[in-house]
There are 4 protein chains.
Amino acid sequence: MIIIINPSTNERQLAQLQQEIEQAGCVVNRSADGLRTIFGLTGDVAKLDPEQLKSKPGVEKVVRLKEPYKKANRLFRATNTLVQTAGRQIGGDQLTVIAGPCSVESESQIVSIAAAVKAAGAGFLRGGAFKPRSSPYSFQGLKEEGLELLKIARAATGLPIVSEIMSVSMLDRFEQEVDVLQIGARNMQNFDLLKAVGQIRKPVLLKRGMSATIEEFLMSAEYIMVEGNENVILCERGIRTFETYTRNTLDLSAVLALKMQSHLPVLVDPSHAAGLSWMVESLSKAAVAVGADGLIIEVHNDPANAKCDGPQSITPARFADLMLSLRAIAQCENRVV
Amino acid sequence: MIIIINPSTNERQLAQLQQEIEQAGCVVNRSADGLRTIFGLTGDVAKLDPEQLKSKPGVEKVVRLKEPYKKANRLFRATNTLVQTAGRQIGGDQLTVIAGPCSVESESQIVSIAAAVKAAGAGFLRGGAFKPRSSPYSFQGLKEEGLELLKIARAATGLPIVSEIMSVSMLDRFEQEVDVLQIGARNMQNFDLLKAVGQIRKPVLLKRGMSATIEEFLMSAEYIMVEGNENVILCERGIRTFETYTRNTLDLSAVLALKMQSHLPVLVDPSHAAGLSWMVESLSKAAVAVGADGLIIEVHNDPANAKCDGPQSITPARFADLMLSLRAIAQCENRVV
Amino acid sequence: MIIIINPSTNERQLAQLQQEIEQAGCVVNRSADGLRTIFGLTGDVAKLDPEQLKSKPGVEKVVRLKEPYKKANRLFRATNTLVQTAGRQIGGDQLTVIAGPCSVESESQIVSIAAAVKAAGAGFLRGGAFKPRSSPYSFQGLKEEGLELLKIARAATGLPIVSEIMSVSMLDRFEQEVDVLQIGARNMQNFDLLKAVGQIRKPVLLKRGMSATIEEFLMSAEYIMVEGNENVILCERGIRTFETYTRNTLDLSAVLALKMQSHLPVLVDPSHAAGLSWMVESLSKAAVAVGADGLIIEVHNDPANAKCDGPQSITPARFADLMLSLRAIAQCENRVV
Amino acid sequence: MIIIINPSTNERQLAQLQQEIEQAGCVVNRSADGLRTIFGLTGDVAKLDPEQLKSKPGVEKVVRLKEPYKKANRLFRATNTLVQTAGRQIGGDQLTVIAGPCSVESESQIVSIAAAVKAAGAGFLRGGAFKPRSSPYSFQGLKEEGLELLKIARAATGLPIVSEIMSVSMLDRFEQEVDVLQIGARNMQNFDLLKAVGQIRKPVLLKRGMSATIEEFLMSAEYIMVEGNENVILCERGIRTFETYTRNTLDLSAVLALKMQSHLPVLVDPSHAAGLSWMVESLSKAAVAVGADGLIIEVHNDPANAKCDGPQSITPARFADLMLSLRAIAQCENRVV
């Protein structure tokens, strides 16, 4: 970190500032170039809060030279993290495709969708049991029963299951029953939940908050990792912008940014990003072309009667076609689906 | 709700759609004007999910005529809600001013700030015990000890206390010890937490999420109210936009929109909105002029050494000056501070 | 268009509203379904301004059923527009690749870049002569001299040239000397300029404004087309959002939306979107995978000394590599580069 | 400006970089603190383009210490600019209130509105003759005839007139006939138009672009001022955000930011910001409370039949009431209306 000192600062203030920084365990390398005094800080700089430094007398500007995340930072782990679970590997040459309905609705629904997406080549089954809905009057999911149905679908197909956890109180159950725990966009900064899933070792699929910067997103991953769980999978799912044609705006440059800054795998959710089923296929291909490690796609046997997210769900038949077109694009990127 | 039918829809599809809507308990008033068929729906329309209807065959457009919130809706309660607590009334002619530090740091800190803001005319003391921080390496608050110190400050000054609850597991303690429970912007759509605070009767200060629309904000209030707790206080605290000069962009038109759509009291947090202490006074005056029911302001005895939010905290002396200037503006609005 | 009448409206007001609409040349199909009166409008509805209707007494809601653009609307021209110029065709199976420096700097610079991008397979040379810069102190382009140098490069390589017009006063010269006139993002709603380029027949490359919706973008195309010039090429170049890691946020779902709503060709500019040269290759591949009709890419022989946009320019060598990888992706989409 | 050198840079690269900067007329003050080399630049640093520097080998980060605008910068002119025109002074203790219709529609319309707003205390008459409309099918203004009608209204009332110029070709006429030339939000970065109005001496009311940062806004003012016209009046009119309840989001913190960074007067346009007439009064009061130097308000005698912006126009009667309430708020700020 570098602190640029305001020219009007006197030596007493400088000494005071230097002392405070040193007390925090950092070394101050002072340089003066005729113009301004500059403090170059070494040592455990991550402990300093740049916001706090800005309020100190004499500080004109604080320039951070390192990103505030460590465990999620590619700087400290050059090779890509491969998250292992249920015999699958997320983040390697094989693309991860997670497919399934927005919410689990019945045994026949989830088992038949699971069978269909498996046949088409999906590696994981997704399905919501606990649903975060904007309205308290909307369907909130089958809850525990939904988890039971997911387990039946897993038993029937062998597909590991991905489901969203909304509450710390459900942690034990999710840890035992679910293969990948999803943290939804609305909970990306629910820090208590992040800390809780950091305590277990099951992989966590962390979705980007609707208005979260790349840095905030990685800081939320850091919350999980610093507790000990390094099996974090990032997921770009569209950000909120002024454009309303699509539900959100898919930010594919974020995939590149995340993979540059971090070693964690990055998936893309084209279904929530666009909110329009007819865009899912093209956006999926673009996600693979840009370098994403996989996709999470909403598939429903009967979108017109889906209990949620019908307008953005594709049918199993269209999912099977999509998998075929992904194969060709994946090959261009030296990957397999 | 009105459904506009696509002209290419046949009678069999129309009948099917009508039947589905009627099975959901609504009445379909069909009209045909030579142009298109239109379904006007009556009955318990709130049970229908417009998103779900959009996926049905034959539906061209769904036009909602009522807002999806009921309990928070001014339509169903014309008079302003007055939230009563600890002898105070929030939402009436007297403006509510909540002041205090971002986080409780020590007994002397919180007691002295409490005394100072009380002397200046504040009605409530705010102070964070559990702090939601973007970085796991930042100060996370004194937690339970912070609550104890807040109680000491309350005992010393008589000011009721406002503090943020981050986790359902702390609900009992907050219910017993805190006068107003705050739900932070990052938890505005933490629905489990909303439902939990809906179970108690202590007032809840609900902050608008960084990228929440007016409607989403009111739907989060609805989550609390539908559980039985109607003591909800809304708080506009700035939204995330492209502008980076300020930490967020204070949206004062939201105060007007919220008071038009809802009967709930609306406060403004100029400290988090701007993130710049020198803007707090002017934005506070603007908030009162626009019609807010009060303010929540960060006050710290030593901003340069505050453990968080130093750059946006004002000193007790400046807070006292601010209260004086608010008095004049409040008078123009026929209110008192 | 459908107008939903407020239930409290009396018959006199209804008659008055109906009369006003009929005087504007529309037919009112009135229907009443027991609930509300609904006006279904036919005739030359595009002449009505929905905003204006909203201010009329009795109007509860105005529902537009058609997009306000006609000439740009796919509804009225199902087949894709192929823009023809200089022996090239934009919008067909062959992808259009436009490459060259942000600004023309010297004869040797532009001629050598032109030769290099041609050798790599580019179809057009881009180069700025008149530069819209945020600062009056930044390099504003070589102006007329820049146009001369572009002509030399065209003569040397046979590549048609694309350059930005900033002012109506330069129209004659651009019409005679430039093959494709570019309208920059900042001028997307400079309506006088749009009308002026509508008067000529040279193709116009219209860039999306930084905060323009899909509809506003197409309305700007409409401004050009309604004057008689239907050779409009749309270009998505990133929108302004809260994210600052990239210069803008590339909105690839906009490509899909534009191609759904309109028959006009759609290009993507990954250089301005990201502002980071290392992202250009991956975003270009994603753009082709999503279905764009081509790309416009900044290529500079010496990015470190470029007079503008150095950080987002790639070298001719990297451009040649990019063209190779695009070939494979294009093939997946049944297109050629 | 300070350049932080990447630690992996060798001495030859350093010398090369230093030489390039010196050739641009700056002095390099090199300091090395054991950690990194830092270049502190003095001299005519404004000539350097930080973007360009970032592409140079060895540059890790570029830290700007001065804002890129000079003439608009408060640093170089501490006292507030007072723009003088037609016996009025904009930017002093007396608030400037500009009122009138979105567009001039007829002689009786503009003369009667002018008389009414004058009687209520407005200082200027606004009225659009040339209208920038999103749709080519919307009313485009009465053009030259509109200017003639504005002159008649000025003659009848003595109110100086404010009208929007959209094209350089109209400059002579506007210079001669209009008292304050308005540059609309869509033309904030129409640099040719900015340079043109910089050539004259009539005051220019420059509106903030829909997605313009504070800095971009001031750079556009700089474009005008650097040409010689220092009579620039800034106007905040709402920015584009995700919120759609209001047409735009009024950013009152921008008023504070602009007045901190610049000496130019700052007005607020609550009509375009909200797009809702019922919000105009409250937002106007907030604008005065926050410290704006005045307001520009749309007033129409018959909003339901206005040719544009009906939903956001207030009647002369409501304008008169508004002026009364502004008086009280202005007094709190030691200003007069």
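What counts as what
Residues numbered from 1 in each chain as written. Chains lettered and ligands numbered in written order. Predicted model: local features only at pLDDT ≥ 70, side-chain atom pairs only at ≥ 80, totals over all residues. Heavy atoms only, no water. Pairing = 2+ DSSP bridges. Helix = DSSP H or I, 4+ residues; strand = E, 2+ residues; numbered from the N terminus. Axes fitted to C-alpha atoms, helices over the stretch in contact; angles between N-to-C directions. Contact = heavy atoms within 4.5 Å. Domains from an automatic or database assignment. Least-squares fit on C-alpha atoms with pLDDT ≥ 70 in both. Disulfide = S-S within 2.5 Å. Buried < 20%, exposed > 50% of the residue type's maximum accessible area, 1.4 Å probe, protein only. Core = buried A, V, L, I, M, F, W, Y, C linked by side-chain atoms within 4.5 Å. Expected span 1.5 Å × (residues − 1). Polar contact = N/O pair within 3.5 Å; in protein donor to acceptor, adjacent residues only side chain to side chain. Salt bridge = Lys/Arg side-chain N within 4 Å of Asp/Glu carboxyl O.

Some words on the sheet that holds strand 14 (residues 294-298) of chain D
Residue and element names in this part refer to chain D.
Here is step 1 of the chain: Taken together, the 8 strands give a closed barrel; going around it, the order is 7-8-9-10-11-12-13-14, and neighbouring strands pair in parallel fashion. Neighbouring strand axes in the sheet, compared pairwise and without regard to direction, differ in orientation by 25 degrees on average.
Here is step 2 of the chain: Here 4 bridges tie strand 11 (residues 204-207) to strand 12 (residues 232-236), and the two strands are oriented parallel to one another. Looking at strand 12, one finds that L205 is bridged to I233.
Here is step 3 of the chain: Of the strands in this sheet, strand 11 and strand 12 touch helix 7 (residues 214-226), which is tilted by about 160 degrees from strand 12.
Here is step 4 of the chain: Where helix 8 (residues 252-261) meets the sheet, it contacts strand 12 and strand 13 (266-268), and its direction lies at approximately 170 degrees from that of strand 13.

Some details on the domain arrangement of chain A
Here is step 1 of the chain: Along its sequence, chain A is organised into domain 1 (2-64) and domain 2 (83-332).
Here is step 2 of the chain: Inter-centroid distance (C-alpha atoms) of domain 1 of chain A to domain 2 of chain A is 44 Å.

A word on the relation of the copies chain B and chain A
The relation between the two chain copies is a rotation about an axis coupled with a shift along that axis.
Here is step 1 of the chain: Between the two copies, chain B and chain A, the superposition gives an RMSD of 0.1 Å; the rotation angle is 180 degrees and the shift along the axis is 0.0 Å. Put plainly, the chains are arranged around a two-fold axis. Scanning chain B for the C-alpha nearest the rotation axis identifies S211 of chain B, at a separation of 3.1 Å.
Here is step 2 of the chain: The share of interface residues of chain B whose copies in chain A are also at the interface is 98%, consistent with both copies meeting through the same surface.

Some details on the state of the cysteines
What we call a disulfide is simply a covalent bond connecting the sulfur atoms of a pair of cysteines.
Residues and elements named next belong to chain A.
Here is step 1 of the chain: Tallied over the entire structure, the rule returns 4 disulfides over all chains.
Here is step 2 of the chain: One disulfide in the model links C102 with C308; its S-S distance is 2.1 Å. Disulfide C102 to C308: torsion about the S-S bond roughly -100 degrees, handedness left-handed. Highlighted residues: C102 in the loop between strand 7 (96-100) and helix 3 (107-120) and C308 in the loop between strand 14 (294-298) and helix 11 (316-332), separated in sequence by 206 residues.
Here is step 3 of the chain: The exposure class assigned to C308 is buried, which follows from its relative accessible area of 3%.

Focus on the relation of the copies chain C and chain A
Here is step 1 of the chain: Superposing chain C onto chain A takes a rotation of 180 degrees combined with a translation of 0.0 Å along the rotation axis, leaving an RMSD of 0.0 Å.
Here is step 2 of the chain: Here 100% of the contact residues of chain C are again contact residues in chain A; the copies associate through an equivalent surface.

Observations concerning the nonpolar core
One broad rule of soluble globular proteins: the nonpolar side chains tend to lie buried together.
Here is step 1 of the chain: Judged by nonpolar contacts, the single largest core of 324 residues is most densely connected at F319 of chain A, F319 of chain B, F319 of chain C together with F319 of chain D.
Here is step 2 of the chain: In this view, F319 of chain A contacts V97, A99, V117, A120, A122, I297, V299 and I314 of chain A; residues no more than four positions away in its chain are not counted.

Some words on helix 11 (residues 316-332) of chain D
Here is step 1 of the chain: Taking 1.5 Å per residue, 17 residues should reach 24 Å; helix 11 of chain D reaches 25 Å between its end C-alpha atoms and fits that length.
Here is step 2 of the chain: For helix 11 of chain D, the complete set of buried residues consists of F319, L322, M323, S325, L326, I329 and A330 of chain D.
Here is step 3 of the chain: Those residues of helix 11 of chain D that are buried lie in contact with helix 10 (277-290) and helix 11 (316-332) of chain B together with strand 7 (96-100), helix 3 (107-120), helix 10 (277-290) and strand 14 of chain D.
Here is step 4 of the chain: After helix 11 of chain D finishes, the residue N334 of chain D shows a positive phi value of roughly 60 degrees.

Quick word on the environment of E67 of chain D
All names here are of chain D.
Here is step 1 of the chain: When you line up the elements, E67 lands in the loop between strand 4 (59-63) and strand 5 (83-85).
Here is step 2 of the chain: For E67, a relative accessible area of 31% translates into the label partly exposed.
Here is step 3 of the chain: A C-alpha to C-alpha distance of 8.7 Å links E67 and Q261, two positions 194 residues apart in sequence.
Here is step 4 of the chain: A polar side-chain atom of E67 sits 3.5 Å from a polar atom in the side chain of R64.

As for the pattern of salt bridges
Residues and elements named next belong to chain B.
Here is step 1 of the chain: Scanning all chains against the criterion turns up 96 salt bridges over all chains.
Here is step 2 of the chain: The partner of E60 in a salt bridge is R36, with the nearest N and O atoms 2.9 Å apart. Here R36 lies in the loop between strand 2 (26-32) and strand 3 (37-43) and E60 lies in strand 4 (residues 59-63), a separation of 24 residues in the sequence.
Here is step 3 of the chain: The buried category is assigned to R36, whose relative accessible area is 14%.

Section: the sheet that holds strand 3 (residues 37-43) of chain C
In sheet architecture, strand pairing relies on hydrogen bonds along the backbone and comes in two forms, parallel and antiparallel.
Residue and element names in this part refer to chain C.
Here is step 1 of the chain: Across the sheet, 4 strands lie side by side as 2-3-1-4; this open sheet has antiparallel pairing. The open sheet is flanked by strand 2 (26-32) and strand 4 (59-63), the only strands paired with a single partner. Going across the sheet, the axis of each strand differs from the next one's by a mean of 20 degrees, ignoring polarity.
Here is step 2 of the chain: Two elements, strand 2 and strand 3, share 7 bridges in a ladder whose sense is antiparallel. When the sheet's bridge partners are listed, A32 is paired in strand 3 with T37.
Here is step 3 of the chain: Against the sheet, helix 1 (residues 11-23) touches strand 1 (2-5), strand 2, strand 3 and strand 4, its axis set at about 150 degrees to strand 2.

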